[in-house]
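Commentary on secondary and tertiary structure
Chain by chain, the residues run as shown.
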Amino acid sequence: MHRILHTGRFLLGNPNHTTWHKCCSSFAKMMRAVCVDAPGGPENLLLRSVPRPQPKHGEILIKVHATALNRADLLQRRGRYPPPPGESDIIGLEVAGTVDTLGPGVKGGWRLDDRVMALLSGGGYAEYVSVPEGLLMPVPQNLTLCQAAAIPEAWLTAFQLLVFIAQVKEGEVVLVHAGASGVGTAAVQLVRLFGAVPVVTAGSPEKLKFAKNLGAAAGFNYREESFAQGVHDFTGGKGANVILDCIGGSNWEQNVNSLATDGRWVLYGTMGGRSVDGDLLGKLLSKRGHLLCSLLRSRSLQYKADLVKAFSHRVIPNFSNQPASLRPIVDSTFNLDDIAEAHRHMEANKNTGKIVVNVIPPNP
């Protein structure tokens, strides 16, 4: 991939490499992409013309139709969450689009113009992105590319937390914080799919109602009530077997109080702060609780490929037209020209589900 430097120059990886399969496009062409010259607010997101990436060995060039926002995008824009070494400086962790070019060594049977969605380490806010083929997934036939863009990061994160990290079991109670967020709405549906019982927190009656309509058995407004008391009452004092926590510091005491004996508290974000003041370890020890921490972006390519393979096998077939099927939740859509407004929408916590950005505006 091309790496956009803060000076606006481009560092080209192996510029003499010409052994890719040039199936349908020329890599001398340019593309539009969102760049950030200096950390700051949404106004620092700049739409520019930059060179298209060239697919390396085992990579596929995707023509991006849509991408979607994640909290990590806001952090990267502010300079607080840089991409892993060697990855694109362009923001964006997921896309949906069509196969444009097959790089050398591609073995997965992908064809030109196949509809695909992909997990990225960066580069999604652009018209083209080159992706290792192990991170591609087919788009379910009944979904649009706009809907598909809402799947990779949120659903793979929720799947990873529930299956790879917490190893959720049938009948267990799972407390999902931010139950109306992209990861939250995916987690509620996956918990139901796996035969467990989801309960959620959210900050408004409307978001709680939405989560319940997706399958949450109970919901607690963290602005108005103690969710620890709510979990206690719902479980008859037993507590939640699993907690999916993107909040962190401000919730620590209620989380410990909500946790069942031998429960698993999975931390994957710190939106509520990183500091803890109190007897966290003592309280956690008394419950024999497991504090498990996980990120996805910094994982190895092999880990991500294994995750995508497991998700493709266990979950993707359940995105269907049947009444009980899974569905990505799209809160709102913006065009790439309006990327700053999309960021402001997320920063205001207005969204229920995913905010999708159409790189190619859909036909009216």
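These numbers come from a predicted model, not from an experiment.

Calculation criteria
- Every residue gets a number counted from 1 within its own chain, in the order that chain's sequence is written.
- Only residues with pLDDT of 70 or above have their local features reported here, since the model is predicted, and side-chain atom pairs are shown and tallied only from 80 upward, although totals for entire chains, interfaces and linings are computed over all residues.
- Note that water and hydrogens are dropped before the side-chain values are worked out from all heavy atoms of the structure.
- Definition used for salt bridges: Asp or Glu carboxyl oxygen within 4 Å of a side-chain nitrogen of Lys or Arg.
- We count a stretch as a helix when DSSP gives it H or I for four or more residues in a row; a strand needs E for two or more, and each element gets its number in order from the N terminus.
- Here's how the labels work: a residue is buried when its accessible area is under 20% of the maximum for its type, exposed when over 50%, partly exposed in between, all with a 1.4 Å probe on protein chains only.
- Should DSSP find at least two bridges between two strands, the strands are regarded as paired.
- Viewed with both strands pointing away, a crossover whose connecting path from the first strand over the helix to the second turns clockwise is right-handed.

It is worth spelling out the pattern of salt bridges at this point. Under the defined criterion, the tally for this structure stands at 9 salt bridges. The shortest N-O distance in the salt bridge between R32 and E127 comes to 3.4 Å. Residue R32 is located in strand β3 (residues 30-36), and its partner E127 is located in the loop between β7 (115-119) and β8 (128-132); the two are separated by 95 residues in the primary sequence. Residue R32 is classed as partly exposed on the basis of its relative accessible area of 27%. Among the salt bridges present, the one from E172 reaches R264, with a minimum N-O distance of 2.8 Å. Of the two residues, E172 is situated in the loop between α3 (152-165) and β10 (173-176) and R264 in strand β14 (residues 259-267); the sequence distance between them amounts to 92 residues. Like E172, the residue R264 is buried in the burial classification. Each member of the salt-bridge network shares a partner with another, and the members are R32, E127 and D337.

Two elements, β14 and strand β15 (residues 290-293), share 4 bridges in a ladder whose sense is parallel. From the neighbouring strand, V266 faces β15, where its bridge partner is L292. In this fold, β14 hands off to helix α8 (residues 280-286), which returns the chain to β15; that crossover is right-handed.

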